[in-house]
Amino acid sequence: MKKRPFLLLACTFLAGVLCSMHGMIVSVCALLLILYAQPWKEKGVRKWMFAVGLPLFFFLGWFHTNHECAFRERYLQELSDGQEVQLAGRVVRVEEKSRYFYYYLTDCNVNLSGKNVPCNDVLAYCSSDESSIGQIMVLQGTISLFDEAANEGGFDARTFYRSQKIDFGLWVEQVCAVWGKPDPYRNGLVYIRQRLKQVIDKSVDDDGVLAAMLLGEKSGLDAEIKSLYQRAGISHILAISGLHVSLLGMGVYHLLRRRCGFGYPMAAVWTAFFMLSYAIMSGNSISTRRAVGMLLVYLLADVLGRAYDLLSALGVVFIVLLWENPFLTGYSGFLFSVAAVLGIGVGASVFREWRAVCLKEESCDDRQEETKHGKDTMSLRQGLQFEYTRILQEQKNGLWTSFAIQLFTLPLVAYYYYEIPIYAMVLNFFVLAFISRLMGLAVTGAVLGLLVPAAGRILLAPCGWILWLYHKCCLLFTGLPGACYISGKPDMWKILVYYVMLAGGIYLLWLRTRRQREKGEKTGLVKKKKWVLRFGSCVAVIFFVLLFPQKKEFEMDVLDVGQGDGIYLCTSDGVSFFIDGGSTDVKNVGDHRILPFLKSKGVKEISYWFISHTDEDHISGIQEVLVSGYRIKNLVVAEAAAKEERTMKLVQLAEDVGTEVLYMEAGDFLFANQAKIQCLYPAADAEAEDINDLCLVLRFEDCGTSALFAGDLSAEVEESLVEKGLCAKVDFYKADHHGSKYSSSTTFLHALMPELTVASAGEGNRYGHPGAEAVERIRESGSRFLCTIESGQVKICRNKEGVMIVEN
């Protein structure tokens, strides 16, 4: 690393950015980098670059990030959700959605108190296609501030968009004016993209996979296919990144150099123009810009006759991208892209050298060098043997490269997706073996299809076959036992320890390799096995540090599922329960809110999932969870509602996926070590006209903390329970029927005397939940009241003294 000043400068610049965001403690990293560089031992330009450049770039990163943060806060503090404003900005991208057009605006100015204030990029939602890329739009509308994650593990829209310098959205009510002419170059690229997509869609039935891979067009990508690729660990091929850019860019460059006879400068210029145009056409994502930037560095080095270094190129592009947007440090796409390059440039290169020196495996380049002078005189048999050996060596290199990338991106996968695809490395080995041929056929077929549709369909047909094979392999691997390990969201300290240990292990491996190369030692079979065992042990240790599950403690969570219910319980002994799980206003609540929450907590299975009753707002999510394959040991329903049609359908679904169904009635107890759940209602023979009045009423107790959950029970049934003496004091009460004014009666509340009451409801629901009358009764009973509309997820736990702690 000492031989790569640009990479060191990039690291110190990053330290300055992080120091501005997270405090001066990060400056210690910059000091360590300077000590590592040892500028006092360097001479000439390198000495000044290290001695002056490293501190300078640290302060540049710190100062520039402070300036960007102050610029953002200057106008955000004057904006509020729903505020009427006028805004002007230049259109850089347009996306057509199901109900709106999304306009991405840059060079924006927002009118605040009569003054035009410059701001970062804005996402405008417009009902009609009013303008084209390159034009300036003057819009009247209401501010929409992006929401933070509603629950743990949920999608954090605010972080996602702000990391891309998009600070807020605008619901457009009126387009006041449109200025300027459309940009013919960018609009031409959009037209070409649309035509290419039409060719692909007509030629290949692949659920939108090929268009996403080649054009970055994900509007037609099937959600189930995307989820399948993610669970299999190959979703990276759906994003245009270094793999796609290197294959396409180097293919064009070599075509111009070798087939068209272009000189180095001219071939580099045309390749750069082509790849920059391709980046813009495909959406100009951050991973694409990083990859294209590194390709431009390669072209420049080739023209100047200089050696290209992957890590130095990364350092240059890293500085440029962070200068443009220092908030990229919070963007997952950027982090994955950089980690993958580090895996190739650091991990894979050290592994290849180690194999060549310590394991005495020749590289493919070595064999080609040995045989290039005598290749013309080879016999057919020797030629075939050479090609077989070359291909085999390439596959070995691909396997080690895939392994290195997995090592460097594993913490990010766990942090952002909460589960690890166990067989990803093996599947990637197969996928990457075909990717160059797939991309070559796709590009040629799509372009040729614009001119001769029949010829394009012929070339694109094998792409469909390869993607069909990918799909089948994904199904096969995700269906294997232990295909995904639910890791949970690791703590930041675990990630730091992981990377420190990984860096240390790779450094020791490199040091050992260098010493053995210098001494010219021969490695015997025993020593080879010893080193393989050592390295495998090191990898196992860092995996253990990252993925070792935390001890589960007592916790109750009322999830924000919109208009519905979803409650997670964890006992002091780590047994997981769940109550209900559904919503009528949040689409795919099981996939988008419940499962991400459970996986982020590292909950690998639910021991008992209780269903109070089978209204849609209580079971829509559990149905999705069952179908997803997530492990639910037991489903618990009311015996009194066993013959109800929706109950029977849910029971059948549970039994189809291997979940045992239990029926509960009043008087039943369920024990889980120190915790217990008692069913207070209904009896097995209970009847009611309204299904709400057959809800399971559950009392939960664990280590001195008690709670009551009663679904959508009405006030009449509540009062009957009080008359029967079944209601005793509880610490926590989940408000019946989402806080309806027809539930949570005064008599019931006085019997429970809860310290905390939480209502689960959706914003703007048509029922008026929670009702003002019910909220008043709850507060008059002496209980603290919270609602998921304002508070989001409500978390209840205990401190060391056993006192209940509420987090919201």
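None of these values were measured; they are calculated from a predicted model.

Attention now moves to the environment of Thr571. Structurally, the position occupied by Thr571 is in the loop between strand 10 (567-570) and strand 11 (576-579). We classify Thr571 as buried; its relative accessible area is 0%. It is 33 Å that separates the C-alpha atoms of Thr571 and Tyr499, two residues lying 72 residues apart in sequence. Not counting chain neighbours up to four residues away, the residues in contact with Thr571 comprise Glu553, Phe554, Phe577, Ala675, Phe700 and Asp702.

On to the sheet that holds strand 9 (residues 555-558). One open sheet accounts for 8 strands, arranged 14-13-12-11-10-9-22-23; its pairing is mixed. Across the chains shown, the open sheet's two edge strands, defined by having one partner strand only, are strand 14 (660-664) and strand 23 (804-807). Recorded for the sheet is a direction-independent mean angle of 20° between the axes of neighbouring strands. Across the sheet, helix 21 (residues 645-656) lies against strand 13 (631-638) and strand 14, angled at about 145° from strand 14, the strand it touches most.

Of all hydrophobic cores here, the largest spans 57 residues; its most connected members are Met556, Phe577, Phe610, Phe700, Phe709 and Phe732. Here the element with the most residues in this core is strand 16 (residues 675-681); it accounts for 5 residues. Core analysis: the second largest hydrophobic core is formed by 52 residues, Leu210, Met213, Tyr253 and Ala279 among them.

Turning our attention to the packing of helix 5 (residues 184-203) against helix 9 (residues 264-281). One can describe the packing of helix 5 onto helix 9 by two numbers: an axis separation of 9 Å at closest approach and a directional angle of 75°. The orientation of helix 5 relative to helix 9 falls into the category roughly perpendicular. Where helix 5 approaches helix 9, its residues Tyr185, Arg186, Leu189, Ile192, Arg193 and Leu196 are matched on the opposing element by Phe273, Ser277, Ile280 and Met281.

In total, this model carries 23 salt bridges according to the counting rule given. Ionic pairing is found between Glu148 and Arg158, a salt bridge with its closest N-O pair at 3.9 Å. A residue pair is termed long-range when its members are at least 10 positions apart, and Glu148 in the loop between strand 5 (136-144) and helix 4 (157-162) and Arg158 in helix 4 qualify at 10 residues. Ionic contacts of the salt-bridge type, sharing partners, join the residues Arg93, Glu95 and Lys97 into one network.

The subject of this paragraph is the packing of helix 19 (residues 589-600) against helix 20 (residues 616-628). Helix 20 packs onto helix 19 with a crossing angle of 80° between their chain directions and a minimal axis gap of 8 Å. By the angle class used here, helix 19 and helix 20 are roughly perpendicular. Residues Val589, Gly590, Asp591, Ile594 and Leu595 of helix 19 form the contact with helix 20, whose own contacting residues are Ser620, Gly621, Glu624, Val625 and Ser628. Each residue belonging to the contact of helix 19 with helix 20 can be placed in one class, and the counts come to 4 nonpolar, 4 polar and 2 charged.

Here we come to the state of the cysteines. Inspection of every chain in the model, using the stated rule, returns 0 disulfides. Considering cysteine sulfurs only, Cys176 is the nearest to Cys126, which forms no disulfide, with 11 Å between them. For the unlinked cysteine Cys473, the closest cysteine sulfur is that of Cys474, found at 7.2 Å. The class for Cys473 is buried, based on a relative accessible area of 14%.

Residues lying three or four places apart along an α-helix face the same way, a consequence of the helix completing one turn every 3.6 residues. Of all the positions in helix 2 (residues 27-37), only Ser27, Ala30, Leu33 and Ala37 are classed as buried. For helix 2, the angular spread of buried residues about the axis comes to 110°, placing them on one side. Relative to its buried face, helix 2 has exposed residues pointing more than 90 degrees away, namely Leu31 and Leu32. Packing partners of the buried residues in helix 2 comprise helix 1 (5-22) and helix 3 (44-76). Directly after helix 2, the chain includes Gln38, whose backbone phi takes a positive value near 50°.

Whether parallel or antiparallel, the strands of a sheet pair through hydrogen bonds between backbone atoms. Taken in spatial order, the 7 strands line up as 15-16-17-18-19-20-21 in an open sheet, and their pairing is mixed. Edge positions in the sheet fall to strand 15 (669-672) and strand 21 (784-787), since each has one partner strand and no second. The sheet shows a mean angle of 15° between the axes of neighbouring strands, direction not considered. Alignment of strand 16 against strand 17 (residues 697-702), held across 5 bridges, turns out to be antiparallel.

In this section: the layout of surface pockets. Reported here for the second largest pocket is a volume of approximately 630 Å³. Together, 23 residues line the second largest pocket, and Leu248, Val252, Phe274, Val443 and Val447 are the ones closest to its centre. Looking at the lining of the second largest pocket element by element, the count peaks at 8 residues for helix 15 (residues 424-451).

Turning next to the pairing of strand 3 (residues 115-119). Note: strand 2 (residues 101-112) against strand 3, 5 bridges, orientation antiparallel. If you follow Leu112 over to strand 3, its bridge partner there is Lys115. Adjacent in sequence and paired antiparallel, strand 2 and strand 3 are bridged by 2 residues, among which Ser113 carries a positive phi angle near 55°.

This next bit is on the environment of Ile166. Tracing the backbone through its elements, the reader meets Ile166 in strand 6 (residues 166-179). Residue Ile166 is classed as buried on the basis of its relative accessible area, which comes to 6%.

On average, residues of the protein chain score 89 in pLDDT, and 93% of them are at 70 or above. Under a pLDDT of 50 for its full length, residues 363-375 has, in the predicted model, 16 contacts with residues more than four places off or in other chains.

This part takes up the environment of Glu624. Note on placement: Glu624 falls in helix 20. Sequence separation between Glu624 and Gly456 is 168 residues; the distance between their C-alpha atoms is 39 Å.

Take a negative patch on the surface next. The grouping of Asp205, Asp207, Asp222, Glu224 and Asp591 at the surface amounts to a negative patch. Checked against the element boundaries, Asp222 lands in the loop between helix 6 (209-215) and helix 7 (223-232). Judged by relative accessible area, which is 30%, Asp222 ranks as partly exposed.

Our focus in this paragraph is helix 11 (residues 310-324). Between its first and last C-alpha atoms helix 11 spans 21 Å; for 15 residues at 1.5 Å apiece the expected length is 21 Å, and the two agree. The complete set of buried residues in helix 11 reads Leu311, Ser312, Ala313, Leu314, Gly315, Val317, Phe318, Ile319, Leu321 and Leu322. Where helix 11 is buried, its residues touch helix 1, helix 3, helix 10 (286-304) and helix 12 (332-357).

Turning next to the pairing of strand 2. Here 9 bridges tie strand 1 (residues 84-96) to strand 2, and the two strands are oriented antiparallel to one another. Counted as the bridge partner of Val91 is Leu105 from strand 2. Between strand 1 and strand 2, which pair antiparallel and follow one another directly, the connecting turn spans 4 residues. Across 5 bridges, strand 2 lies against strand 4 (residues 121-126) in antiparallel orientation. Paired with Tyr104 across the two strands is Leu123, which belongs to strand 4.

What counts and what doesn't
- Throughout, a residue's number is its position along its own chain's written sequence, starting from 1.
- Local features in this predicted model are restricted to residues of pLDDT 70 or higher, and side-chain atom pairs are both shown and tallied only at a pLDDT of 80 or more, whereas totals for entire chains, interfaces and linings draw on every residue.
- Side-chain metrics in this entry use all non-hydrogen atoms of the structure; hydrogen atoms and water are not considered.
- Comment: elements are numbered from the N terminus, with helices defined as DSSP H or I runs of at least four residues and strands as E runs of at least two.
- Buried means the residue's accessible area, taken with a 1.4 Å probe over protein chains only, is under 20% of the maximum for its type, while exposed means over 50%, and partly exposed covers the values in between.
- It only takes one pair of heavy atoms within 4.5 Å for two residues to be counted as in contact.
- Pairing between strands is defined by DSSP: at least two bridges between them are needed.
- Orientation is described by lines fitted to C-alpha atoms, with helices fitted over the stretch in contact, and by angles between N-to-C directions that extend from 0 to 180 degrees.
- As used in this record, nonpolar core signifies buried Ala, Val, Leu, Ile, Met, Phe, Trp, Tyr and Cys residues forming a set joined through side-chain atoms within 4.5 Å.
- Any angle between 65 and 115 degrees counts as roughly perpendicular, while under 35 counts as roughly parallel, over 145 as roughly antiparallel, and the rest as oblique.
- For this analysis, a salt bridge means a side-chain nitrogen from Lys or Arg found within 4 Å of a carboxyl oxygen belonging to Asp or Glu.
- Asp, Glu, Lys and Arg are counted as charged, while Ala, Val, Leu, Ile, Met, Phe, Trp, Tyr, Cys and Pro are counted as nonpolar; the rest, among them Gly, fall into the polar class.
- Here, the term disulfide refers to a pair of cysteine sulfur atoms separated by no more than 2.5 Å.
- Directions pointing from the helix axis toward each C-beta atom define the arc.
- Space inside and on the surface of the protein is sampled on a 1 Å grid over the protein atoms alone, with a cavity defined as a set of points where a 1.4 Å probe fits but cannot get out and a pocket as an open set with protein on both sides within 12 Å along at least 5 of 7 lines; lining residues have an atom within 4 Å of a point.
- Grid points are joined across faces, edges and corners, and a volume is the space filled by probe spheres set on the points.
- Each residue carries a pLDDT value, the predictor's own confidence for that position, ranging from 0 to 100.
- A patch consists of residues exposed above 30% relative accessible area that lack any salt bridge, with like charges linked at up to 9 Å and nonpolar side chains (Val, Leu, Ile, Met, Phe, Trp, Tyr) linked at up to 5 Å.
- Per-residue and other accessible areas were derived by the Shrake-Rupley procedure at a 1.4 Å probe size, with only the shown protein chains allowed to occlude residues.
- We count Lys and Arg on the positive side and Asp and Glu on the negative side, and we leave His and both chain ends out.
- In this description, the location of a charge corresponds to atom NZ of lysine, CZ of arginine, CG of aspartate or CD of glutamate.
- Multiply 1.5 Å by the residue count of a helix minus one, and that product is the helix's expected span.

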